[in-house]
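Here is how the chains run, residue by residue.
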Amino acid sequence: MTRDDELGILEVMNTSILKRRGISLNSVIMIAVLLGVAFVIILLFAGQDAGGIKPLKPSSAANSAIPPAQPIQPSAPVASAIPEEDKPEANAHFEPASLRLGYVRPESVITSEFRLFNDSQEPLVVKEVKRGCSCTEVSLQAGAIAPGASRTGVATFTAGLTPTVKNNKIKILFEKHRPLVLSMNAVVSRAVRVQPPDFRMHAKSYFEGPVSRTASRVQVSAADSQSFRILSSGGRPPIPVPGGGDPTIPSTAHMVMIDIGDHDKETLLDPEGVKLPPFWLIETDHPDAPVVEIRVLHQENSPHRREKDREWVFVENRVVVDSVKPGSAARFELPIIWNAAEGQRSQQIIAAESRSPDFEASLVGMKKDGRKSKAIVEIRPMDSTSGPYQGVVELISHEHRAPLNVIGHVNDGESVDGS
């Protein structure tokens, strides 16, 4: 084979290879074009998905069956969303203007009616009633009160065990007007009351800071206007206030002194190491109030703090039980508040124990009281106890113990006769 033949063969081979390469390049270019078109289509569909794909136009038959959509109108503002301060005042009034319950005995239930009058020229719509205290239940029908008309409501007040002054507020909420407030006042008191009810020994706080007072004067008066005598004060004969009369002579009101005497003002201990009790007791010959108490507000008597995991609590800081004859027992019912509904509680009050040498205590039982419950506790004074007494009872669950001050009186005939 000549060199020319070899060159011819090589030329044919190169031409064949170039043709094959051309085909391959055309294929690659075609594939790239197809991929690009597909990518553009995907982007177009993705953009439609983000904004919502428009539905196809329905047929004429479908158009005749489905009415055209009406334009959406802006909704009116909701009355309840308007801040109370931006609402107009309600042209209305209460009769009576306030509920003055006067003197109320502990544990009494007092029901009072009131009327809400609409003094405006348009309907007044009652939306809701809010009570200011759990001791008060309020009933007033919701809805519109016509112009010039009125609606009757009922307020039921349940007094606690502790003498106090209750200033409560009943708030009536309206749909388009500012709330109206009906005030309620009650003086929870036994037949004899003391003013002031507390002996504040610290100058600027109930239980903290320097002790500045070791003596004070108090007024002891009959809420029922019945004359009585003071037989003892703080376990001693009463100390009269100069110019205030003789407290051992019957009267409807007396002025007496409280004086801690030789008790240390910081520790409340006397020279024999006896501590001043948390309540100053005044004994009277009033048949319905043989003993009244004054709370001694001192750092040594700071209230017991509730443990975070305790499911139950009571709000009373003391209970005054009925006077009894020697050998008899008195009972009281203590309202208990739970932070869990019945059936969801993991704790249970199982006992009551006395920490005082003057009386025994026992838990008689528990009973339901609406959303709350009541612990029924029995107090039995010792045979040696006479006249006024006080001490601490502990309510006990498996997890906790909570103290409660108990005050009572044993009428053996001697203290009342003054002999």
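Our subject is the structure listed above.
Residues numbered from 1 in each chain as written. Predicted model: local features only at pLDDT ≥ 70, side-chain atom pairs only at ≥ 80, totals over all residues. Heavy atoms only, no water.

A. Seen up close, the pattern of salt bridges. The tally for this structure, following the rule as stated, stands at 15 salt bridges. With a shortest N-O distance of 3.2 Å, Glu 378 and Arg 331 are connected by a salt bridge. Taken together, the positions of Glu 378 in strand S23 (residues 372-381) and Arg 331 in strand S20 (residues 330-338) put the pair 47 residues apart, joining distant regions of the chain. Salt bridges sharing partners connect three or more residues here, namely Glu 353, Arg 355, Glu 394 and Arg 401. (Salt bridge = Lys/Arg side-chain N within 4 Å of Asp/Glu carboxyl O. Helix = DSSP H or I, 4+ residues; strand = E, 2+ residues; numbered from the N terminus.)

B. Local environment of the sheet that holds strand S4 (residues 124-131). Read across the open sheet, the five strands follow the order S2-S9-S8-S4-S6; overall the sheet is mixed. Looking along the sheet, the strands with just one partner apiece sit at the ends: strand S2 (99-104) and strand S6 (143-145). Across the sheet, the mean angle from the axis of one strand to that of its neighbour is 30°, orientation sign disregarded. As defined by bridge partners, S4 adjoins strand S8 (residues 164-174) across five bridges and the pair is classed as antiparallel. If you follow Val 126 over to S8, its bridge partner there is Phe 174. (Pairing = 2+ DSSP bridges. Axes fitted to C-alpha atoms, helices over the stretch in contact; angles between N-to-C directions.)

C. Structural view of the side chain of Glu 293. Secondary-structure assignment places Glu 293 in strand S17 (residues 291-297). Under the relative-accessibility criterion, Glu 293 is labelled buried at 5%. Here Arg 190 takes part through its side chain, which lies 2.4 Å from a polar atom of the side chain of Glu 293. A distance of 2.9 Å separates the side chain of Glu 293 from the side chain of Arg 318, its partner in a polar contact. Setting aside residues no more than four positions away along its own chain, Glu 293 makes contact with Pro 163, Arg 190, Val 194, Pro 197, Phe 279, Trp 280, Leu 281, Arg 318, Val 320 and Ile 407. (Buried < 20%, exposed > 50% of the residue type's maximum accessible area, 1.4 Å probe, protein only. Polar contact = N/O pair within 3.5 Å; in protein donor to acceptor, adjacent residues only side chain to side chain. Contact = heavy atoms within 4.5 Å.)

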